[in-house]
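# Structure at a glance
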Amino acid sequence: MAETMHCYRHPKRETRVSCATCGRPICTECMVATDVGIKCPDDARLPRGARAGVMKSNQVVRSILAGIGVAIMGIPVAYVLFLLPFTWLISAAAGYGAGTLINRAGGRNGGPLAIVFSVVATAIPFLVLLAPDLLAGTLNPRPLIAGVLAMIAAGVANRQI
Ligand SMILES: [Zn+2]
Ligand SMILES: [Zn+2]
């Protein structure tokens, strides 16, 4: 049983409900039902973008770990991609998947930091695979464009809605 709290806007009113965003207790009169749970009027009023992109430190750590995972797993994935038809399309889809993974690891906040992690994590496998061609100056545009598309898609997956 949750302990009894008092509405932060009405200190005399008891409540067991708290805001899904800030955790402050709110009474039934103050609470606002949103698609992501019950919120206080302050947080319900804000557009999602105003709060998105602010990750807690543990979410940042999880995002980085997910990014490292994506970077490592992405090397064989990108290798296979280059051999497949529709490389650009599949690369974009894979990039979007990678971005979504990192987004979820970061508590679905999205935002600039998540975009950077996702784009960098997605770029690493392509850089690793294309480095020999890059250094030799024989880089084909096809895999390069695939990499760029994957990076854009990874960034798009973390946009703030
Ligand atoms: Zn709140
Ligand atoms: Zn209240």
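What you see is a predicted model; the values in this text were computed from it and never measured.

### Focus: the overall build of the protein chain
- From N to C terminus, the protein chain includes six helices and four strands.
- The C-alpha atoms of the protein chain give 21 Å as radius of gyration, which overshoots the globular expectation for 161 residues (15 Å, by more than 25%).
- For the protein chain, the spread of C-alpha atoms along the principal axes amounts to about 75 × 20 × 20 Å.
- Split into buried and exposed, the 161 residues of the protein chain put 33% on the buried side.
- In the protein chain, of all internal contacts separated by at least 6 residues, the share reaching a separation of at least 24 is 54%.
- Here the protein chain has roughly 9500 Å² of accessible surface; of this, 67% comes from carbon and sulfur atoms.
- Side chains of the protein chain give 15 positive and 7 negative charges; the mean places of these two sets differ by 4 Å.

### Quick notes on the nonpolar core
- Met55, Val60, Ala66, Val70, Ala98, Ile102, Ala105, Ala114, Phe117 and Ala121 together form the largest nonpolar core, which totals 10 residues.
- Of all the secondary structure elements, the ones that give two or more residues to this core are helix 3 (57-83), helix 4 (87-105) and helix 5 (112-136).
- Residues in contact with Ala66, not counting those within four places in the same chain, are Ile102 and Ala105.

### So, the coordination of the zinc ion (ligand 2)
- Protein coordination at the zinc ion (ligand 2): the donors are Cys7 (SG), His10 (ND1), Cys27 (SG) and Cys30 (SG), at 2.0 to 2.3 Å from the metal.
- Angles of 99 to 115° at the metal separate the four donor atoms of the zinc ion (ligand 2), which places the site in the tetrahedral class.
- Look at where the donors of the zinc ion (ligand 2) fall in the sequence and you get C-x2-H-x16-C-x2-C. For the residue pair Cys27 and Cys30, the accessibility class agrees, reading buried in each case.

### A look at the coordination of the zinc ion (ligand 1)
- Within the protein, the zinc ion (ligand 1) binds to Cys19 (SG), Cys22 (SG), Cys40 (SG) and Asp43 (OD); these donor distances fall in the range 1.9 to 2.3 Å.
- Here the zinc ion (ligand 1) binds four donor atoms, and the angle range of 105 to 119° at the metal identifies the geometry as tetrahedral.
- Each donor residue of the zinc ion (ligand 1) belongs to the same chain, and together they define the spacing C-x2-C-x17-C-x2-D. Of this pair, Cys22 sits in the loop between strand 2 (14-15) and strand 3 (32-34) while Asp43 sits in helix 1 (residues 41-45), placing them 21 residues apart in sequence.
- Taking relative accessible area as the criterion, Cys22 reaches 37% and is therefore assigned partly exposed.
- Judged by its relative accessible area of 9%, Asp43 falls in the buried class.

### Observations regarding helix 5
- If you check helix 5, its first and last C-alpha atoms are 34 Å apart, about what 25 residues at 1.5 Å a residue would give, namely 36 Å.
- Along helix 5, the largest kink reaches about 55° and is centred on Leu130; proline Pro132 follows within four residues of it.
- Looking only at helix 5, the buried set comprises Ala114, Phe117, Ser118, Ala121, Thr122, Ala123, Pro125, Phe126 and Leu130.
- On the buried face of helix 5, the contacting elements are helix 3, helix 4 and helix 6 (141-156).
- Where helix 5 terminates, the next one or two residues include Gly137, which has phi positive at roughly 75°.

### A few points about the confidence of the model for the protein chain
- Here the protein chain averages 88 in pLDDT, and 93% of its residues register 70 or above.
- Averaged pLDDT values over the elements of the protein chain bottom out at 52 in helix 2 (residues 48-51) and peak at 94 in helix 4.

### Points about the environment of Ala121
- Within the secondary structure, Ala121 sits in helix 5.
- The exposure class assigned to Ala121 is buried, which follows from its relative accessible area of 3%.
- For the pair Ala121 and Ala154, spaced 33 residues apart in sequence, the C-alpha to C-alpha distance is 8.9 Å.
- Excluding residues that lie within four positions of it along the chain, Ala121 makes contacts with Gly67, Val70, Ala71 and Ile102.

What counts and how
Residues numbered from 1 in each chain as written. Chains lettered and ligands numbered in written order. Predicted model: local features only at pLDDT ≥ 70, side-chain atom pairs only at ≥ 80, totals over all residues. Heavy atoms only, no water. Helix = DSSP H or I, 4+ residues; strand = E, 2+ residues; numbered from the N terminus. Rg over C-alpha atoms; globule rule 2.2 N^0.38 Å. Buried < 20%, exposed > 50% of the residue type's maximum accessible area, 1.4 Å probe, protein only. Contact = heavy atoms within 4.5 Å. Areas by Shrake-Rupley, 256 points an atom, 1.4 Å probe, with all protein chains shown as cover. Lys, Arg positive; Asp, Glu negative; His and termini not counted. Charge placed at Lys NZ, Arg CZ, Asp CG, Glu CD. Core = buried A, V, L, I, M, F, W, Y, C linked by side-chain atoms within 4.5 Å. Donors = N, O, S within 2.8 Å, 3.2 Å for Na, K, Ca; no water. Tetrahedral: all angles 85-135°; square planar, octahedral: opposite > 155°, others 65-115°. Expected span 1.5 Å × (residues − 1). Bend = angle between axes of the 7 residues up to and from the residue. pLDDT = per-residue confidence, 0-100.

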